[in-house]
Structure formats: C-alpha cells, structure tokens
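Residues per chain, in single letters:
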Amino acid sequence: MTIQKNERIPFIDYAKGFAMLAIVLYHYFYFTIQNPTVKKAVMFGGTGVHFFLFLSGFGLMLSKNYSPISFYKRRFLKIYVPYITCILFLYIFNSIISINPTVNLYSLLG
C-alpha cells in the first residue's frame, strides 16, 4: 500500500476518534462508577492516551517527506509561537485585572 503525501487513512482517523472517546469516557466515569467490573472496563480508557500518541507518531512518520529543518520550523510556528503569544496575553491581562496577585515576572519567565 503506497500512501501519497497528505492522503488520509480512514482507519487512522477512526482509531484516533476511538482513542479520544475512550479518554473522555475514562475521565467522565472513573470516579462516578462504583461497580468494580464496570470500573475495570472504564479503566481501558487510560490506554487511549497511549494509543492516541502511537497513532500521532505514525502520522508524523508519514509526513516525513519534509527535511528536519522544515519539520521543526513548521512545528515552531504552529506550536511555540501561539503558546508564547497566549502566555504573554495572559500575563498582560493579569497585570491589568489582577486575577492572581502571585503572578509576577518570575512566573512569566519560568
């Protein structure tokens, strides 16, 4: 089976959806279920995290047509820049409104 760049694999999409559903159900039902048999079944949702990470790694492996520099540049622009923007926005917002008075410059740089 050859996979073209940007081609979607339906099984991977469904498996990721199943993993996400298992994780959500695990978090929702873990502390509310009292029956030990059902609780063991709900604990299966914890493996959804591992399954999702495995499938995400598989997707990254398929996108390996890019050079490592291009890959890290895209990740930097896609993940790190919005993260820093959000942190700075929250710091400035907290400085104006003072929601949490313990937040200071040390917290920002940490």
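Before any of the text, the structure's been laid out above.
Residues numbered from 1 in each chain as written. Predicted model: local features only at pLDDT ≥ 70, side-chain atom pairs only at ≥ 80, totals over all residues. Heavy atoms only, no water.

Novice: Before we go on, may I ask you to explain the overall build of the protein in this structure?
Specialist: Per the secondary structure count, the protein includes five helices and zero strands. If you list the helices and strands of the protein from N to C, you get α-α-α-α-α. Here the C-alpha atoms of the protein give a radius of gyration of 20 Å, more than 25% beyond the 13 Å that 2.2 N^0.38 yields for 110 residues. Taken across its 110 residues, the protein has 11% of its residues classed as buried. Pairs at least 24 apart in sequence give 42% of the contacts found in the protein among residues at least 6 apart. Put simply, the protein shows about 9300 Å² of open surface, and 71% of that area lies on carbon and sulfur atoms. (Helix = DSSP H or I, 4+ residues; strand = E, 2+ residues; numbered from the N terminus. Rg over C-alpha atoms; globule rule 2.2 N^0.38 Å. Buried < 20%, exposed > 50% of the residue type's maximum accessible area, 1.4 Å probe, protein only. Contact = heavy atoms within 4.5 Å. Areas by Shrake-Rupley, 256 points an atom, 1.4 Å probe, with all protein chains shown as cover.)

Novice: It is not clear to me how the packing of helix α1 (residues 10–29) against helix α3 (residues 47–62) should be interpreted in this structure. Could you clarify?
Specialist: The relative placement of two packed helices comes down to the angle between their axes together with the axis-to-axis distance. It is the contact of α1 with α3, at a shortest axis distance of 8 Å, that shows an interaxial angle of 150°. Relative to α3, the element α1 is oriented roughly antiparallel. When you trace α1 past α3, the crossing you get is left-handed. Counted together, Ile12, Ala15, Lys16, Ala19, Met20 and Ile23 of α1 and Gly48, Val49, Phe51, Phe52, Leu55, Ser56 and Phe58 of α3 form the full contact between these two elements. Classifying every residue of the contact of α1 with α3 by side-chain character gives ten nonpolar, two polar and one charged. (Axes fitted to C-alpha atoms, helices over the stretch in contact; angles between N-to-C directions. Parallel < 35°, antiparallel > 145°, perpendicular 65-115°, else oblique. Left-handed = near helix turned anticlockwise from the far one by under 90°. Nonpolar A, V, L, I, M, F, W, Y, C, P; charged D, E, K, R; others polar.)

Novice: Can you walk me through the environment of His50 in this structure?
Specialist: For His50, the position within the fold is in helix α3. Along the primary structure His50 and Ala19 are separated by 31 residues, whereas in three dimensions their C-alpha atoms are 8.6 Å apart.

Novice: What am I meant to see in the side chain of Asn94 here?
Specialist: Secondary-structure assignment places Asn94 in helix α4 (residues 68–97). Taking the relative accessible area as the measure of exposure, Asn94 reaches 11% and is therefore buried. Filtering out sequence-adjacent residues up to four positions away, Asn94 remains in contact with Ile99, Asn100 and Val103.

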